[in-house]
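Observations on the model geometry
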Amino acid sequence: MSVARTRDPQEWAAHSPYSDPGPHSAVLRALGTAPQDVHAAATGLIAHYRAEAATLDPARLPTIDLRWLDRILEAGLDVSSAPLPGRPHADRIAGCCRDHTLLGVGLLREHGIPARSRIGFARYFFPGDGVDHVVVERWDGERWVRSDPELDAAFGAAPPAGEPFDPFDMPTGPDSPFATAAELWTAHRRDGLDLTRYGVAGVPELAGPDFVRGYVLLEVAHRRRDEVLLWDVWGAALDGTTGAEGDALADVLADLLVRADAGDVGAEDELARRYTDDPRLHVGRRVLTDSPLGRRGWTDLVARTTAWGD
């Protein structure tokens, strides 16, 4: 199968099915595109379902399982017609870092700016912990620039953990405040990095090498513009690709991701080819959705329906 060369940033300027705002495109076109604008819009519409639970109407918690931006926007606009930036807390819907980032990516793509979501772990929320996280990466005409849509400049100036950093132009690399899943997996396998405290904050059973390995596959899917939920499961996570086989697969994928980030167009092309050809990697018609709300079921990504409890 022929794979188009993927180093051209314009590949990430077009909407995916997940980032397309559909009938709400005018809402995004009316917004600015600077990182602070993305932050204001994302945090104006969406409250983190755990960190900001006290600000949320409990009846809105199910919005954390909305995976398509058009439906996220529809849910938010049903609550209030107020502009996204600066909304009262009572008018927000529930979501997480993936949703803040999807809105940011969709906003930028709607303005023709190449953007993509990056899957990894943030070291700036809690001392000693790497918290699973998703951030925005945009092409500024010369390089990919990362920003955390949940954070403002004040947070970056005095984070709870680590050194100050610019959340609108974040440092990159395995030792940076936000390291990708691929970078951390590579450091674990090659250099023995202890991944015990890399995972979901406050949930020890969702942390460690196996968890980070799973996020490498999630990172590949998002890189290929399948911006699924963090709790969607498919392919290798369902077919028993674990142990030494799972480690070897993650080794290859992490290496390709790290090399592609360094500008290796051959690695980017190979990653695209593998994602297309390997059923363990690509998101197909259905995923198993294991929601933090305790709901479990199969989601038909074509029909855009979830059968909870199946």
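Residues numbered from 1 in each chain as written. Predicted model: local features only at pLDDT ≥ 70, side-chain atom pairs only at ≥ 80, totals over all residues. Heavy atoms only, no water.

**A closer look at the environment of leucine 301**
- Tracing the sequence through the fold places leucine 301 in the loop between strand E10 (296-300) and strand E11 (305-308).
- Judged by its relative accessible area of 12%, leucine 301 falls in the buried class.
- On a C-alpha basis, the gap between leucine 301 and valine 283 in space is 9.1 Å, while along the polypeptide they are 18 residues apart. (Helix = DSSP H or I, 4+ residues; strand = E, 2+ residues; numbered from the N terminus. Buried < 20%, exposed > 50% of the residue type's maximum accessible area, 1.4 Å probe, protein only.)

**Comments concerning the pairing of strand E4 (residues 130-139)**
- Burial within E4 is extensive, with 9 of its 10 residues counted as buried.
- Note: strand E3 (residues 115-122) against E4, 8 bridges, orientation antiparallel. What sits directly across from isoleucine 119, in E4, is valine 134.
- By the bridge criterion, 2 bridges tie E4 to strand E7 (residues 198-199) in an arrangement that is parallel. Looking at E7, one finds that glycine 130 is bridged to tyrosine 198. (Pairing = 2+ DSSP bridges.)

**Here we look at the nonpolar core**
- Residues Leu103, Phe121, Tyr215, Leu230, Leu253 and Val283 are the most contacted members of the largest nonpolar core, which totals 64 residues.
- It is helix H7 (residues 209-223) that contributes the most residues to this core, 8 residues altogether.
- Setting aside residues up to four positions removed in sequence, leucine 230 forms contacts with Cys96, Cys97, Arg98, Ile119, Asp132, Val134, Tyr215 and Leu218.
- Among the nonpolar cores identified, the runner-up in size contains 11 residues, and Tyr124, Val131, Val135 and Phe178 belong to it. (Core = buried A, V, L, I, M, F, W, Y, C linked by side-chain atoms within 4.5 Å. Contact = heavy atoms within 4.5 Å.)

**Some details on helix H8 (residues 243-261)**
- An ideal rise of 1.5 Å per residue puts 27 Å on 19 residues; H8 measures up with 27 Å between its terminal C-alpha atoms.
- Every buried residue of H8 is accounted for by Gly246, Asp247, Leu249, Ala250, Leu253, Ala254, Leu256, Leu257 and Ala260.
- Buried residues belonging to H8 abut helix H6 (181-191), H7 and helix H9 (265-277). (Expected span 1.5 Å × (residues − 1).)

**Quick notes on the side chain of histidine 39**
- If you trace the backbone, histidine 39 turns up in helix H2 (residues 35-45).
- If we skip the residues at most four places from it in the chain, histidine 39 touches Gly44, Pro149, Glu150, Leu151, Asp152 and Phe168.

**Section: H9**
- When the terminal C-alpha atoms of H9 are compared, their 18 Å separation across 13 residues agrees well with the 18 Å that a helix rising 1.5 Å per residue should span.
- Among all positions of H9, only Val265, Ala267, Glu268, Asp269, Leu271, Ala272 and Tyr275 are buried.
- Its buried side turned inward, H9 meets E3, H7 and H8.
- A distance of 3.0 Å separates the backbone nitrogen of glycine 266 from a side-chain oxygen at the start of H9, and that oxygen is part of aspartate 264. (Polar contact = N/O pair within 3.5 Å; in protein donor to acceptor, adjacent residues only side chain to side chain.)

**Some points on the confidence of the model for the chain**
- Of the residues in the chain, 98% reach a pLDDT of 70 or more, and the chain-wide mean stands at 95.
- Between residues 1-6, whose pLDDT stays under 50, and residues either more than four places distant or in other chains, the model counts 14 contacts. (pLDDT = per-residue confidence, 0-100.)

**Regarding unusual backbone geometry**
- The phi angle at arginine 225 is positive, at roughly 75°, despite the residue not being glycine.
- The residue arginine 225 is located in the loop between H7 and strand E8 (232-233) in this model.
- For arginine 225, a relative accessible area of 17% corresponds to the buried category.
- Positive phi is not limited to glycine here, since arginine 304 has a value of about 60°.
- Mapped onto the elements, arginine 304 comes out in the loop between E10 and E11.

**Observations regarding the packing of H6 against H8**
- Their axes nearest at 9 Å, the elements H6 and H8 cross at an angle of 125°. The orientation of H6 with respect to H8, classified from their angle, is oblique. Viewed along their axes, H6 and H8 form a crossing whose handedness is left-handed. Of H8, the residues touching H6 (which contributes Ala182, Glu183, Trp185, Thr186, Arg189 and Arg190) are Asp247, Ala250, Asp251, Ala254, Asp255, Leu257 and Val258.
- In terms of residue class, the contact of H6 with H8 is built from 6 nonpolar, 1 polar and 6 charged. (Axes fitted to C-alpha atoms, helices over the stretch in contact; angles between N-to-C directions. Parallel < 35°, antiparallel > 145°, perpendicular 65-115°, else oblique. Left-handed = near helix turned anticlockwise from the far one by under 90°. Nonpolar A, V, L, I, M, F, W, Y, C, P; charged D, E, K, R; others polar.)

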